[in-house]
Amino acid sequence: MLPFLRPELAALKAYQPHPPIPEPYDQLDTNESPIDLPDTLKASLAKHYQQQIQANRYPDGGHGALKAAIANYVAEAEASVTAANISVGNGSDELIRSILIATAINNGSILVASPTFSMYGILAQTLGIAVIDVGRQNNFQLDLDAAQTALQENSIRVVFMVHPNSPTANPLTTAEIDWLRQLPEDILVVIDEAYFEFSQQTLVQESLNRSNWVVLRTFSKAFRLAAHRVGYAIAQPPLINALEKVRLPYNLPSFSQAAALSALEHRGQLLGTLENTATERETMASWLASQPTLQTWPSASNFIYCRLSDKALTTLGMSQAEGLHHVFTQLRQRGTLIRHTGGGLRISLGTIEENQRTQKHLEAVLTNL
Ligand SMILES: *Cc1c(COP(=O)(O)O)cnc(C)c1O
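Residues numbered from 1 in each chain as written. Predicted model: local features only at pLDDT ≥ 70, side-chain atom pairs only at ≥ 80, totals over all residues. Heavy atoms only, no water.

Caption draft 1: Quick peek at the sheet that holds strand S9 (residues 294-296). Within the open sheet, the 4 strands sit side by side as S9-S10-S13-S12. Their pairing is antiparallel. The open sheet has two edge strands with one neighbour each: S9 and strand S12 (339-341). Across the sheet, the mean angle from the axis of one strand to that of its neighbour is 35°, orientation sign disregarded. Bridge analysis of S12 against strand S13 (residues 344-348) gives 3 bridges, and the strand direction is antiparallel. Opposite Thr341, over in S13, you have Gly344 as the bridge partner. Of the strands in this sheet, strand S10 (303-308), S12 and S13 touch helix H14 (residues 320-333), which is tilted by about 125° from S10. (Pairing = 2+ DSSP bridges. Helix = DSSP H or I, 4+ residues; strand = E, 2+ residues; numbered from the N terminus. Axes fitted to C-alpha atoms, helices over the stretch in contact; angles between N-to-C directions. Contact = heavy atoms within 4.5 Å.)

In structure tokens, the structure reads:
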């Protein structure tokens, strides 16, 4: 270890999105949209790049046009949101880091409930922030007693919740939301709505009425722009101003801003695929539920979570971890890449063809367990 580095970095590993994989494969491990942008939209973006973007000039560091367009989109759902309620990040990952920098960097800690989005914990650790993980109950709802105890015993600055959660696909329940509502105002509540377009459930309106709530959204999933790294936060202006202070000045390239603007302008077309996703989700969910070797949970998103059933594990004399590892690697060998995480398998919904191949491959693997 280099002597000038912070010693705690020795325990961390660089984030590896994909292990080595055979090609071609069905990439169903990162919850992206399976469909690229339409050719017409790509062509108009290319033209925009040639005619409008000056490569020698820094991007618009204030994100003026994009913030206004985002506010307009968010307001469609219900909220009275303006550009002053929006901060834009290089993916919502950057916003998560800005939130951590703005709140917890000196001796604060954060509360997460695993299985959940790993980036909260990873980014906190790189900043020397302690991560208190209170886990979840068998139905993946928050253990509210454990969470309450954790709050009493630690100086928690931020509570991170995904709505609906990844990898388990369950939205927040009324009881969970009520618990978040009664948290003191000196604790920031982050509600990550990365999958809002799929779930159509949002806490934006309520967040705008609370000084200590912030909603995160992204263009990486339903809007098909994962390559462009655009996320945004929605909150009252004082919190937005704090996030603006700690971010990098030119955090979002001109081309990504243009892509997000164009996606919003063509949202009717881009989000038109959501109905298909919902149909595919029902088809895949009922197929998975019909497999006696699997246990699955309802999904409010574009992915489904499952484990091997207790009965299957008893018959096989395997542990859950061994069984899942086997299914995961066998699927990968057949060209289907899913995510093995949080003690289960998370399967992103792909195109109809991809989903059919997933079923075929999974059936073969499960039959030969
Ligand atoms: C995919 C995802 C994001 C998106 O992150 P970006 O950095 O915007 O690509 C954020 N939160 C959760 C829970 C996610 O699953």
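Still to come is the rest of the account.
Caption draft 2: The environment of Ile96, seen in detail. Its place among the elements puts Ile96 in helix H3 (residues 91-103). Along the primary structure Ile96 and Leu243 are separated by 147 residues, whereas in three dimensions their C-alpha atoms are 9.7 Å apart.

Caption draft 3: Representation of the site of the ligand. Neighbouring the ligand are Gly91, Ser92, Asp93, Phe117, Val162, Asp192, Ala194, Tyr195, Thr218, Ser220, Lys221 and Arg229. Asp192 has a polar side-chain atom sitting 2.7 Å from a nitrogen atom of the ligand. Bound to the protein, the ligand loses 93% of the 390 Å² it would expose on its own. Taken together, the residues that form the shell around the ligand break down as 4 nonpolar, 4 polar and 4 charged. (Near = heavy atom within 4 Å. Polar contact = N/O pair within 3.5 Å; in protein donor to acceptor, adjacent residues only side chain to side chain. Areas by Shrake-Rupley, 256 points an atom, 1.4 Å probe, with all protein chains shown as cover. Nonpolar A, V, L, I, M, F, W, Y, C, P; charged D, E, K, R; others polar.)

Caption draft 4: Molecular detail of the sheet that holds strand S7 (residues 213-218). Within the open sheet, the 7 strands sit side by side as S2-S8-S7-S6-S5-S3-S4. Their pairing is mixed. In this open sheet, the two strands that pair with only one neighbour each are strand S2 (86-90) and strand S4 (130-133). Along the sheet, successive strands turn relative to each other by an average axial angle of 25°, direction set aside. Taken together, the 4 bridges between strand S3 (residues 109-112) and S4 define a ladder with parallel strand orientation. Directly across from Ser109, in S4, lies its bridge partner Ala130. Strand contacts of helix H2 (residues 64-77): S2, S7 and strand S8 (230-234), with the helix running at about 115° to S2, the strand carrying the most contacts.

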